[in-house]
Amino acid sequence: MAIDAVIPAAGIGRRMGAAVPKQYLQLAGKTVLQRTLEIFLNSPLISRVIVCLKEGDPYFDSLPVSRDPRLIRAPGGAERCDSVLAGLRCSEAEWVMVHDAARPCLTGGDLRLLAEEAISRDGGLLCAPVRDTMKRAGEDMLIQGTVDRNGLYHALTPQMFRRTELLQALEDAASRGLKVTDESSAMELAGCRPLAVAGRADNIKITSQGDLELAEFILEGHRRNGIV
Ligand code: C5P
């Protein structure tokens, strides 16, 4: 069963406030993007890795991974969903796994778990259960109420679907003017019920400077405990 990875990496990481986009910041001796791409290139489950890059990206060519023959470049778009669409159009595989460039702590174990579970159903995504009590606040930051956290999950990536079904779902969402923030949302709009696959909560998305330090700590923990 052929699975391609699509890695949207065309964001500018505005919230990070760094001089370079967050996927090009250093994390334990390599860039975040190099680490993320290595996870997929090192997996025997993945055929090709499609990386979506911002037009004129001046950084990517200097990554060692940029010369890997299984790596394909796709143009990034204005929103994450536009980048993913461009990446999907470069794939011919039956299945695709879409994964944020900014999540370099994904383990090979979780990648395999998702592949096994998603293929046995009609697609799915890694999720982590919500742990804290959830509140809804108004614009004035005053609490309006408590949200029942039973059945609430953080939607992580990778998210894995049949390529043609995801392409159709994302194109339909785009034609309705909907800016979906993950692949599952597009599939849900198309009437599907993706499977929530419980993954590791340390598959964090790097958004702020503190997340970089946390990611370094997580990777060191994986190394020390032999987690791959
Ligand atoms: O900004 P955020 O962290 O939600 O972005 C998630 C992922 O989507 C990042 O890896 C980012 O590079 C990517 N992205 C993209 N094209 C955009 C915006 C974000 O590929 N236009």
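Coordinates for the structure precede this section.
Residues numbered from 1 in each chain as written. Predicted model: local features only at pLDDT ≥ 70, side-chain atom pairs only at ≥ 80, totals over all residues. Heavy atoms only, no water.

A. Expanded view of empty space enclosed by the protein. With the rule as written, the count across this model stands at one cavity of 30 Å³ or more. Lining the largest cavity we find C81, D82, L85, L170, A173, A174, L178 and V180. When residues of the lining of the largest cavity are traced back to their parent elements, those giving at least two are α2 (80-88) and α4 (163-175). Partitioned by chemical class, the residues of the lining of the largest cavity number seven nonpolar, no polar and one charged. (1 Å grid on protein atoms, 1.4 Å probe; cavity = no way out; pocket = protein on both sides within 12 Å on 5 of 7 lines; lining within 4 Å. Points joined across faces, edges and corners; volume = space filled by probe spheres on them. Helix = DSSP H or I, 4+ residues; strand = E, 2+ residues; numbered from the N terminus. Nonpolar A, V, L, I, M, F, W, Y, C, P; charged D, E, K, R; others polar.)

B. Looking closely at the pattern of salt bridges. Scanning all chains against the criterion turns up 14 salt bridges. The salt bridge involving E220 is made with R224; its shortest N-O contact spans 3.6 Å. Here E220 and its partner R224 are both found in helix α6 (residues 209-224), four residues apart, which amounts to about one turn of the helix. Residue class for R224 comes out exposed when judged on its relative accessible area of 53%. Salt bridges here are not isolated pairs; linked through shared partners, they connect R80, D100, R103 and E183. (Salt bridge = Lys/Arg side-chain N within 4 Å of Asp/Glu carboxyl O. Buried < 20%, exposed > 50% of the residue type's maximum accessible area, 1.4 Å probe, protein only.)

C. Structural view of the layout of surface pockets. By volume, the largest pocket is sized at about 810 Å³. As for the largest pocket, its lining consists of 30 residues, of which G11, I12, R15, K22 and R80 are closest to the centre. At four residues, the largest contribution of residues to the lining of the largest pocket is made by strand β10 (residues 153-162). Each residue belonging to the lining of the largest pocket can be placed in one class, and the counts come to eleven nonpolar, eight polar and eleven charged. What the second largest pocket holds in volume is close to 500 Å³. In terms of lining, the second largest pocket is formed by 21 residues, of which the most central are I39, L106, G108, I227 and V228. For the lining of the second largest pocket, the secondary structure elements donating two or more residues are α1 (32-41), α3 (108-120) and α6. With four residues, the single largest contributor to the lining of the second largest pocket is α6.

D. The arrangement of unusual backbone geometry in detail. The omega torsion across T157 and P158 is 10 degrees, close enough to zero to call that bond cis. Within the fold, P158 resides in strand β10. Backbone geometry places A28, a non-glycine residue, at a positive phi of 50 degrees. The residue A28 is located in the loop between β2 (26-27) and β3 (30-31) in this model.

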